[in-house]
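Each chain, letter by letter, is given below.
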Amino acid sequence: MAPSLTVFTPTYNRAYTLPVCYESLKRQTSKDFVWLIIDDGSSDGTRELVEGWISEGAVPLRYHYQDNQGMHGAHNTAYELIDTELNVCIDSDDYMADDAVEKIVTFWKRHGSSSYAGIVALDASPDGQIIGTKLPEQLASSTLSDLYAKHQVKGDKKLVYRSELTRKCPPYPIFPGEKYCPLSYKYVLIDQECPLLLMNEVLCLVEYLPDGSSMNMIKQYKRNPRGFLFFRKVAMEFAPTYKDRLRESIHYVSSNLMIRNYKFVWESPCKWTTLLAAPFGLLLYLYIQNTNKATVARHGS
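Residues numbered from 1 in each chain as written. Predicted model: local features only at pLDDT ≥ 70, side-chain atom pairs only at ≥ 80, totals over all residues. Heavy atoms only, no water.

Trainee: Could you give an account of the packing of aromatic side chains, with specific residues and numbers?
Mentor: Taken as a whole and assessed by the stated rule, the structure comprises ten aromatic pairs. Ring centres of Tyr22 and Trp35 lie 6.2 Å apart, and the angle between their planes is 15 degrees; on these two criteria the pair is classed as stacked. With a gap of 13 residues between them, Tyr22 in helix H1 (residues 18-26) and Trp35 in strand E2 (residues 33-39) connect regions that are remote in the sequence. Judged by relative accessible area, Tyr22 falls into the buried class, the value being 2%. With centroids separated by 4.9 Å and ring planes inclined at 65 degrees, the aromatic side chains of Tyr185 and Phe230 adopt a geometry described as edge-to-face. Note that Tyr185 is positioned in helix H7 (residues 184-191) and Phe230 in helix H9 (residues 225-237), a separation of 45 residues in sequence. Residue classification places Tyr185 among the buried residues on the basis of a relative accessible area of 5%. Among the aromatic residues, those joined into a cluster by ring pairs are Tyr172, Phe175, Tyr185 and Phe230. In this arrangement the basic side chain of Arg47 is found over the ring face of Tyr65, its NZ or CZ atom lying 5.0 Å from the centre. Its end group placed over the ring of Tyr172, Lys186 keeps NZ or CZ at 5.8 Å from the ring centre. (Phe/Tyr/Trp six-rings, centres within 6.5 Å; stacked < 30°, edge-to-face > 60°. Helix = DSSP H or I, 4+ residues; strand = E, 2+ residues; numbered from the N terminus. Buried < 20%, exposed > 50% of the residue type's maximum accessible area, 1.4 Å probe, protein only. Lys NZ or Arg CZ within 6 Å of the ring centre and 35° of its normal.)

Trainee: Could you give an account of the packing of H1 against helix H2 (residues 46-56), with specific residues and numbers?
Mentor: Closest axis-to-axis distance for the H1/H2 pair is 12 Å, and the angle between their directions is 15 degrees. Judged by the angle between their axes, H1 and H2 are roughly parallel. Here H1 and H2 pass one another in a crossing that is right-handed. Across the interface between the two elements, Leu18, Pro19, Tyr22 and Lys26 of H1 pack against Thr46, Leu49, Trp53 and Glu56 of H2. (Axes fitted to C-alpha atoms, helices over the stretch in contact; angles between N-to-C directions. Parallel < 35°, antiparallel > 145°, perpendicular 65-115°, else oblique. Left-handed = near helix turned anticlockwise from the far one by under 90°. Contact = heavy atoms within 4.5 Å.)

Trainee: Lay out the environment of Arg223 in plain terms, naming residues and giving numbers.
Mentor: Within the secondary structure layout, Arg223 lies in helix H8 (residues 217-223). The spatial distance from the C-alpha of Arg223 to the C-alpha of Gly177 is 8.5 Å, given a sequence separation of 46 residues.

Trainee: Talk me through the nonpolar core; I want residue IDs and the actual numbers.
Mentor: Ranked by size, the top nonpolar core spans 35 residues in total, and within it Leu5, Val7, Trp35 and Met96 carry the most contacts. No other element matches the six residues that helix H4 (residues 100-111) contributes to this core. Leave out the neighbours within four places in its chain, and Trp35 touches Val7, Thr9, Leu18, Cys21, Tyr22, Leu25, Trp53, Val59, Pro60, Leu61 and Arg62. Within the second largest apolar cluster, 33 residues are counted, among which are Leu144, Val153, Cys169 and Tyr172. (Core = buried A, V, L, I, M, F, W, Y, C linked by side-chain atoms within 4.5 Å.)

Trainee: Break down the pairing of strand E3 (residues 61-65) for me, citing the residues and quoting the values.
Mentor: Sheet topology places E2 next to E3; five bridges connect them, and they run parallel. Directly across from Trp35, in E3, lies its bridge partner Leu61. As for the winding sense of the linkage, the β-α-β connection from E2 through H2 to E3 is right-handed. (Pairing = 2+ DSSP bridges. Right-handed = clockwise from strand over helix to strand, strands pointing away.)

Trainee: Describe helix H3 (residues 71-81), with residues and values.
Mentor: Of all eleven residues in H3, eight are buried; the element is thus mostly enclosed. Turning to H3, its buried residues number three or more, namely His72, Gly73, Ala74, His75, Asn76, Thr77, Ala78 and Tyr79. Residues of H3 that are buried in the fold lie against strand E1 (5-11), E2, E3, strand E4 (86-89), helix H6 (163-168) and H7.

Trainee: Tell me about H4, residues and numbers included.
Mentor: An ideal rise of 1.5 Å per residue puts 16 Å on twelve residues; H4 measures up with 16 Å between its terminal C-alpha atoms. Restricting attention to buried positions, one finds in H4 the residues Ala100, Val101, Ile104, Val105, Phe107 and Trp108. End-on, the buried residues of H4 take up no more than an arc of 165 degrees, which puts them together on one face. Among the exposed residues of H4, those oriented more than 90 degrees off its buried face are Lys109 and Arg110. (Expected span 1.5 Å × (residues − 1). Arc of directions from axis to C-beta.)

Trainee: Requested: an account of the side chain of Ser254, with residues and values cited.
Mentor: Relative to the assigned elements, Ser254 resides in helix H10 (residues 242-258). With relative accessibility at 1%, the residue Ser254 sits in the buried group. Beyond its immediate stretch of four places on either side in the chain, Ser254 contacts Gly281, Leu284, Tyr285 and Ile288.

Trainee: Just give me the short version of unusual backbone geometry, but keep the residues and values in it.
Mentor: Residue Gln152 is not a glycine yet carries a positive backbone phi of 60 degrees. Positionally, Gln152 belongs in the loop between helix H5 (144-149) and strand E8 (157-162). In the Ramachandran plot, Arg260 falls in the positive-phi region, its phi being about 60 degrees despite a non-glycine side chain.

Trainee: Report on the pattern of salt bridges, specifying residues and quantitative values.
Mentor: Two side chains of opposite charge can pair, provided their charged atoms sit close to one another. The final tally for this structure, using the stated rule, is 13 salt bridges. Here Lys103 and Asp99 are joined by a salt bridge, their closest N and O atoms 3.3 Å apart. Its relative accessible area of 23% is what places Lys103 among the partly exposed residues. Residues joined by salt bridges that share partners form a network here, namely Arg232, Asp244, Arg247 and Glu248. (Salt bridge = Lys/Arg side-chain N within 4 Å of Asp/Glu carboxyl O.)

In short, the description is geometric, and any link to function would need to be established separately.
The following block contains the structure:
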């Protein structure tokens, strides 16, 4: 019988962290999953490490190697290859709670249907502290955008999606010379289809490593302005509140200034808001260009 869930892990030169994830998958109380590793051009012995695990046979494992495209390129490949009903991304520096697969599959069989995009659940730090806030107890379902904008949820959350929807969404664009486009692009589009079921359970243990993207967001802004610009236009168009639209517009202006595109008002889906945001976008651009800080905030992209 085919598994219900694909746990996929994009990885790039993370052979030193992957064993922790592997051990957590060996400990799963349910084996109703397959682990899909997308190796995004590693040169640190990741292939040999994974081939050893495949020989071991303790975890059902699929391995795919590709030339380096960045995290979003690895996600594109994963969504093309996934053939299970559900999927969840566990980053190469994170690991699953021992009963995570069992909780996902049991919860979905009980409550899931084509009316829902999947499940949103909790991340925690290795000492068990919830990242950010819990999900609102009074809500059974919500879009991800509304959780943050209207229900004031904070911190990264673990997303389990119906693979039909992640496949149906257009892929992340690959811009020459850039290696990052915010993953939230697909999440915003899926929000327009149907809401997520809320599950106040910890599925993933998260460690923010110094070389991870969460801890280096300002560097990402500088290195990948076209990827961020692309995302901001989508986020502006579908922003759940005006405050969110204004914030996305400020970032949109900043990204345009980085690539010296001064037609940004005419190219914006929200021209008046972009005009209002322009002075603040200029200030953000100057701040990003001159700061030594690594990140503006822990959550967000």
